[in-house]
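The residues making up each chain are set out below.
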Amino acid sequence: MRMRKGDMVVVITGDDAGKTPRKVVRVLDGGERILVEGVNRVYKHVKKGHPSSPQGGRISRELPISSSNAMVYCAHCTKGVRVGTRVSEQSRERYCKVCKGSLGVIGRQKADA
Ligand SMILES: [Zn+2]
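Residues numbered from 1 in each chain as written. Predicted model: local features only at pLDDT ≥ 70, side-chain atom pairs only at ≥ 80, totals over all residues. Heavy atoms only, no water.

Draft legend 1. Spatial organisation of the coordination of the zinc ion. In the first shell of the zinc ion, the protein supplies Cys74 (SG), Cys77 (SG), Cys96 (SG) and Cys99 (SG), at 2.2 to 2.3 Å from the metal. Geometry at the zinc ion is tetrahedral, judged from its 4 donor atoms and the angles of 102 to 113° they form at the metal. Taken in sequence order, the residues that donate to the zinc ion follow the motif C-x2-C-x18-C-x2-C. By relative accessible area, which is 3% here, cysteine 74 ends up buried. (Donors = N, O, S within 2.8 Å, 3.2 Å for Na, K, Ca; no water. Tetrahedral: all angles 85-135°; square planar, octahedral: opposite > 155°, others 65-115°. Buried < 20%, exposed > 50% of the residue type's maximum accessible area, 1.4 Å probe, protein only.)

Draft legend 2. Local environment of unusual backbone geometry. The phi dihedral of aspartate 29 falls on the positive side, at around 50°, and the residue is not glycine. Its place among the elements puts aspartate 29 in the loop between β2 (22–28) and β3 (33–36). (Helix = DSSP H or I, 4+ residues; strand = E, 2+ residues; numbered from the N terminus.)

Draft legend 3. How the structure looks around the pairing of strand β1 (residues 8–11). Here β1 pairs with β2 via 2 bridges, running antiparallel. By the bridge assignment for β2, methionine 8 is matched with lysine 23. Across 3 bridges, β1 lies against strand β7 (residues 70–74) in antiparallel orientation. Looking at the pairing, valine 9 lines up with valine 72 of β7. (Pairing = 2+ DSSP bridges.)

Draft legend 4. Just the nonpolar core, in detail. Counting residues in hydrophobic clusters, the biggest one holds 12 residues: Met3, Val9, Val11, Val24, Val27, Ile34, Val36, Val39, Ile65, Ala70, Val72 and Val83. At the level of secondary structure, the elements contributing two or more residues to this core comprise β1, β2, β3 and β7. The contact partners of isoleucine 34, leaving out residues within four places of it in the chain, are Met3, Val24, Arg26, Val27, Leu28, Pro64, Ile65, Ser67 and Ala70. (Core = buried A, V, L, I, M, F, W, Y, C linked by side-chain atoms within 4.5 Å. Contact = heavy atoms within 4.5 Å.)

Draft legend 5. Layout of the pairing of strand β11 (residues 102–106). Inspection of the sheet shows strand β10 (residues 92–96) paired to β11 by 3 bridges, in the antiparallel sense. Bridge pairing in β11 links tyrosine 95 to serine 102. Hairpin connection, β10 to β11: the antiparallel pair is bridged by 5 residues, and lysine 100 has positive phi, about 65°.

All quantities given are derived from atomic positions and should not be read as evidence of function.
If you want it as structure tokens, here you go:
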């Protein structure tokens, strides 16, 4: 299942698994991996004067997770769901396979990774 930048997803495995929807901030490797806000966060200790942290201390960043470890969140079902794609003459859109509700139109088939 392809996820897109800005999608809300629910992480289903790992330390950050839970029901809280989180935002996809980056899509990597053509959709194989995703970077999710607040998930798989690591802390790095840096000395004072480091370019990314002039004050020193701890800086945190997220590491990508496999997109197979997350599901797209459906606001109607309030959970992570499987997503299908349906095509009409004007557009393609993704939809929730549980409630059949639309999860948004895919305008162009351009990866916005
Ligand atoms: Zn749904």
